[in-house]
Amino acid sequence: MFTIEHEFDSTVITLVDEGEPYLNEDVIINAFAECFTVEQFDPRTNSTLRITLSPSQLQDLAAALDLPEGVYRLMLEKTPR
């Protein structure tokens, strides 16, 4: 399950783990204009872990989910004028 909320300066997506027992904590993704943050509470350390991705890193991650093992570089398509 997930939720989407639109804040003043970002869109917040919360991923809720609805699987079997041993559920993971919610994952919160903040989509800002200049970056994306991924946060998850770690009960072992009693702290929130945060990863910050640039828009190009997020684009690479999305593409990587559908590609086989290898080394890749995404190329932007130029549109004719």
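Below, the structure is looked at part by part. (Residues numbered from 1 in each chain as written. Predicted model: local features only at pLDDT ≥ 70, side-chain atom pairs only at ≥ 80, totals over all residues. Heavy atoms only, no water.)

With antiparallel pairing, the 5 strands of this open sheet are ordered in space as β1-β2-β3-β4-β5. If you trace the sheet from one side to the other, it starts and ends with β1 (2-6) and β5 (47-53), each paired once. Averaged over all neighbouring strand pairs, the angle between strand axes comes to 20 degrees, with direction disregarded. Looking at chain direction, strand β3 (residues 27-31) and strand β4 (residues 36-42) are connected through 5 bridges and run antiparallel. When the sheet's bridge partners are listed, Ala-31 is paired in β4 with Phe-36. Lying over the sheet, helix α1 (residues 55-64) contacts β4 and β5, oriented at roughly 95 degrees with respect to β5. (Pairing = 2+ DSSP bridges. Helix = DSSP H or I, 4+ residues; strand = E, 2+ residues; numbered from the N terminus. Axes fitted to C-alpha atoms, helices over the stretch in contact; angles between N-to-C directions. Contact = heavy atoms within 4.5 Å.)

This brings us to a negative patch on the surface. The grouping of Glu-5, Glu-7, Asp-9 and Glu-34 at the surface amounts to a negative patch. Looking at where Glu-7 falls in the secondary structure, it is placed in the loop between β1 and β2 (11-15). (Patch = residues over 30% accessible without salt bridge, like charges linked within 9 Å, V, L, I, M, F, W, Y side chains within 5 Å. Areas by Shrake-Rupley, 256 points an atom, 1.4 Å probe, with all protein chains shown as cover. Salt bridge = Lys/Arg side-chain N within 4 Å of Asp/Glu carboxyl O. Lys, Arg positive; Asp, Glu negative; His and termini not counted. Charge placed at Lys NZ, Arg CZ, Asp CG, Glu CD.)

As for its position among the elements, Ser-10 is in the loop between β1 and β2. Contact partners of Ser-10, with chain neighbours within four places excluded, come to Glu-5, Asn-30, Ala-31 and Phe-32.

Working definition: two side chains of opposite charge can pair if their charged atoms are close together. Throughout the structure, instances matching the rule amount to 2 salt bridges. In this structure, Arg-50 engages Glu-39 in a salt bridge whose closest nitrogen and oxygen atoms are separated by 2.7 Å. In this pair, Arg-50 is assigned in strand β5 and Glu-39 in strand β4, connecting sequence segments 11 residues apart. Under the relative-accessibility criterion, Glu-39 is labelled buried at 16%. Among the ionic pairs, Arg-44 bridges to Asp-42, the shortest N-O distance being 3.2 Å. (Buried < 20%, exposed > 50% of the residue type's maximum accessible area, 1.4 Å probe, protein only.)

This part covers unusual backbone geometry. A positive phi angle, near 55 degrees, is found at Asn-46, a position not held by glycine. Looking at the element boundaries, Asn-46 is found in the loop between β4 and β5. Given the relative accessible area of 61%, Asn-46 is considered exposed.

With 7 bridges joining them, β4 and β5 adopt antiparallel strand pairing. Across the sheet, Val-38 pairs through a bridge with Ile-51, a residue of β5.

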